[in-house]
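Structural characterization, general
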Number of protein chains: 4
Amino acid sequence: MTRYHHKVRYFETDQQGVVFNMWYLGYFDEAMTAFLAAGGLPYAKLISAGFDVQLVHSEIDWRAPLRFGDEAVIEVRATRIGRSSFTLSFDIGGNADVHAQTTYVVVAADGSGSRPIPNLLAAVLD
Amino acid sequence: MTRYHHKVRYFETDQQGVVFNMWYLGYFDEAMTAFLAAGGLPYAKLISAGFDVQLVHSEIDWRAPLRFGDEAVIEVRATRIGRSSFTLSFDIGGNADVHAQTTYVVVAADGSGSRPIPNLLAAVLD
Amino acid sequence: MTRYHHKVRYFETDQQGVVFNMWYLGYFDEAMTAFLAAGGLPYAKLISAGFDVQLVHSEIDWRAPLRFGDEAVIEVRATRIGRSSFTLSFDIGGNADVHAQTTYVVVAADGSGSRPIPNLLAAVLD
Amino acid sequence: MTRYHHKVRYFETDQQGVVFNMWYLGYFDEAMTAFLAAGGLPYAKLISAGFDVQLVHSEIDWRAPLRFGDEAVIEVRATRIGRSSFTLSFDIGGNADVHAQTTYVVVAADGSGSRPIPNLLAAVLD
């Protein structure tokens, strides 16, 4: 499990005073990158090995929102590992209460389609 | 059903050459507003009647992405109407293939909590 | 002169109820692309001819802001044409009052550095 | 002088592989807030004292861009203090080379117009 920290930025909060929904997907993208890096696989290394990841599905539950100035802590876990896809969960607690699951498919970095999960990625997800 | 049109902006596309995932939630927010307005309920009218909406759940499936210059057409439909919440579906076709469902809860505009769906909103969703 | 139209999006407005400053640069980028396209040079054609443009300087004056729901009209004009750079002005009127000038340098699309303004671009700027 | 740190996010980089221009204004906004906080004036304290700030002018020079993964260090300095307005400079060095100056006007937090720079803000700017 990796903890990704994000300090909410002013422009991410809307007229309701809470983080606008789309920014959470931006946070999760950074959190995914941090999760891989914490496991020894910086994104640049994944790319130079010839692989990339693409989102195929995401589900988000908003129970209590983040606000300007909040220091979000996002817990990232691998919850499913398939043949060419895997799922990460993202949990934000503290004053906020937001949970998400995103499924990624592994693709060739040159755009030639999906690939089985390579060993260097499997080692991070296990 | 309402069709919302969006021309993909340069900065919405990332180094993979496709629209970065978070912007779809931005599109759907505008599409939701357009859906209400097309049904006779501009967002400002909802607010001045004392109501607002908040996202509680969203699911997105990305099968084929939007790219720079694409003219996205997003079809919006009400798929579920509950007591204080409702669900809209968002479908992007053409060269792209993206589908989403978002559930909204009706709240008091003054922040005092959830409310049953008011008549002026129910009339749009039915 | 080209008029670029933009309907302000909800998430572009902040807790002060006005468009957050950075989004204007996003609008101007789209307005620049629209200006070139209106002159017969879609961005894709510029790229396939081997050229691209990069911002080197921008100045923005905010006198009265855009708000949610505003339909901005941005007037774009070429105000200076140099050897390898040019300047466009962006003027937003109506209820708002925002003015900007941005200088772009022409570069090779393959990243090999600046280039004199090519004829197909000069024809649009003149 | 305050140093504000920002790790460039994936979605802030465009198809040219560099940070899209508008995000710099987002960075500078956070850097301004950090500058005030480092001087003992968190933004919330400014607001609760009855004041806010608005941008009136910004100038940006891009000489070398930030890229994905860059850890930007933004140096913030007060370069001019007027009666009701002040100017901050923002300098990004390292592999990048970006410089900006932004002028802010002090306004009443209740929207009733501009105000002389209050003592609690002057103490930070001096």
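Right, let's walk through the structure included here. (Residues numbered from 1 in each chain as written. Chains lettered and ligands numbered in written order. Predicted model: local features only at pLDDT ≥ 70, side-chain atom pairs only at ≥ 80, totals over all residues. Heavy atoms only, no water.)

Scanning chain A from terminus to terminus reveals 3 helices and 5 strands. In chain A, the succession of α and β elements from N to C terminus is β-α-α-β-β-β-β-α. Taken against the 2.2 N^0.38 rule, which gives 14 Å for 126 residues, the C-alpha radius of gyration of chain A at 15 Å falls within 12% of a compact globule. Principal-axis analysis of the C-alpha atoms gives chain A an extent of 45 × 25 × 25 Å. Within the span of chain A, comprising 126 residues, buried residues form 55% of the whole. Looking at chain A alone, contacts between residues at least 24 apart form 62% of all its contacts between residues at least 6 apart. Carbon and sulfur atoms make up 48% of the accessible area of chain A, which amounts to about 5,100 Å² in all. Looking at chain A, you have 10 positive and 14 negative side-chain charges, and the mean spots of the two groups are 4 Å apart. (Helix = DSSP H or I, 4+ residues; strand = E, 2+ residues; numbered from the N terminus. Rg over C-alpha atoms; globule rule 2.2 N^0.38 Å. Buried < 20%, exposed > 50% of the residue type's maximum accessible area, 1.4 Å probe, protein only. Contact = heavy atoms within 4.5 Å. Areas by Shrake-Rupley, 256 points an atom, 1.4 Å probe, with all protein chains shown as cover. Lys, Arg positive; Asp, Glu negative; His and termini not counted. Charge placed at Lys NZ, Arg CZ, Asp CG, Glu CD.)

Our next topic: the pattern of salt bridges. Residues and elements named next belong to chain A. Taken as a whole and assessed by the stated rule, the structure comprises 20 salt bridges over all chains. The partner of E12 in a salt bridge is R9, with the nearest N and O atoms 3.2 Å apart. Exposure class is identical for E12 and R9. Each is buried. Ionic contacts of the salt-bridge type, sharing partners, join the residues R3, E75, R77 and D91 into one network. (Salt bridge = Lys/Arg side-chain N within 4 Å of Asp/Glu carboxyl O.)

Spatial ordering of the open sheet is given by β1(C)-β3(C)-β4(C)-β5(C)-β2(C)-β2(D)-β5(D)-β4(D)-β3(D)-β1(D), a layout of 10 strands whose pairing is antiparallel. Of all strands in the sheet, those bounded by a partner on one side alone are β1 (2-7) of chain C together with β1 (2-7) of chain D. Across the sheet, the mean angle from the axis of one strand to that of its neighbour is 25 degrees, orientation sign disregarded. Relative to strand β3 (residues 71-81) of chain C, β1(C) is paired through 6 bridges, and the arrangement is antiparallel. Counterpart to C:R3 in the pairing with β3(C) is C:E75. On top of the sheet, helix α1 (residues 22-38) of chain D reaches β2 (51-64) of chain C together with β1, β2 (51-64), β3 (71-81), β4 (85-92) and β5 (97-108) of chain D; it is set at about 140 degrees to β1(D), its chief contact. (Pairing = 2+ DSSP bridges. Axes fitted to C-alpha atoms, helices over the stretch in contact; angles between N-to-C directions.)

A separate point is α1(D). All names here are of chain D. Over its 17 residues, α1 extends 25 Å from the first C-alpha to the last, a length consistent with the 24 Å expected when each residue adds 1.5 Å. In terms of residue burial, α1 counts as a mostly covered element, since 14 of its 17 residues are buried. At the exit of α1 stands G40, carrying a positive phi of roughly 95 degrees. (Expected span 1.5 Å × (residues − 1).)

Another aspect to go through is the relation of the copies chain A and chain B. Each copy of the sequence occupies a distinct position, and chain A is placed on chain B by a rotation of 180 degrees and an axial shift of 0.0 Å, giving an RMSD of 0.0 Å. What the superposition gives is, in effect, a two-fold axis relating one chain to the other. Interface overlap between copies is the fraction of interface residues in one copy that are interface residues in the other; for chain A against chain B it reaches 100%, indicating a shared surface. (Least-squares fit on C-alpha atoms with pLDDT ≥ 70 in both.)

The partner chain C presents 14 residues to the 14 residues of chain B that form the contact. Taking both sides of the interface into account, the surface hidden between chain B and chain C amounts to around 1,100 Å²; carbon and sulfur atoms contribute 59%. Contact with chain C buries surface across chain B, with B:R9, B:Y10 and B:E30 losing the most and accounting together for 44% of the total. Remark: the boundary between chain B and chain C carries 2 salt bridges. Put simply, chain B and chain C have 4 residue pairs in polar contact (both at pLDDT 80 or more) between them. Here the element with the most residues in the side of chain B that touches chain C is helix α1 (residues 22-38) of chain B; it accounts for 6 residues. Split by residue class, the side of chain B that touches chain C holds 7 nonpolar, 3 polar and 4 charged. (Buried area = accessible area lost by both parts, 1.4 Å probe. Polar contact = N/O pair within 3.5 Å; in protein donor to acceptor, adjacent residues only side chain to side chain. Nonpolar A, V, L, I, M, F, W, Y, C, P; charged D, E, K, R; others polar.)

All names here are of chain B. Along the chain, T103 falls in strand β5 (residues 97-108). The class for T103 is buried, based on a relative accessible area of 15%. In terms of polar contacts, T103 uses its side chain to reach the side chain of T87, at 2.9 Å. With near-sequence residues (within four places) excluded, T103 lies in contact with Q54, L55, V56, H57, R80, S85, F86 and T87.

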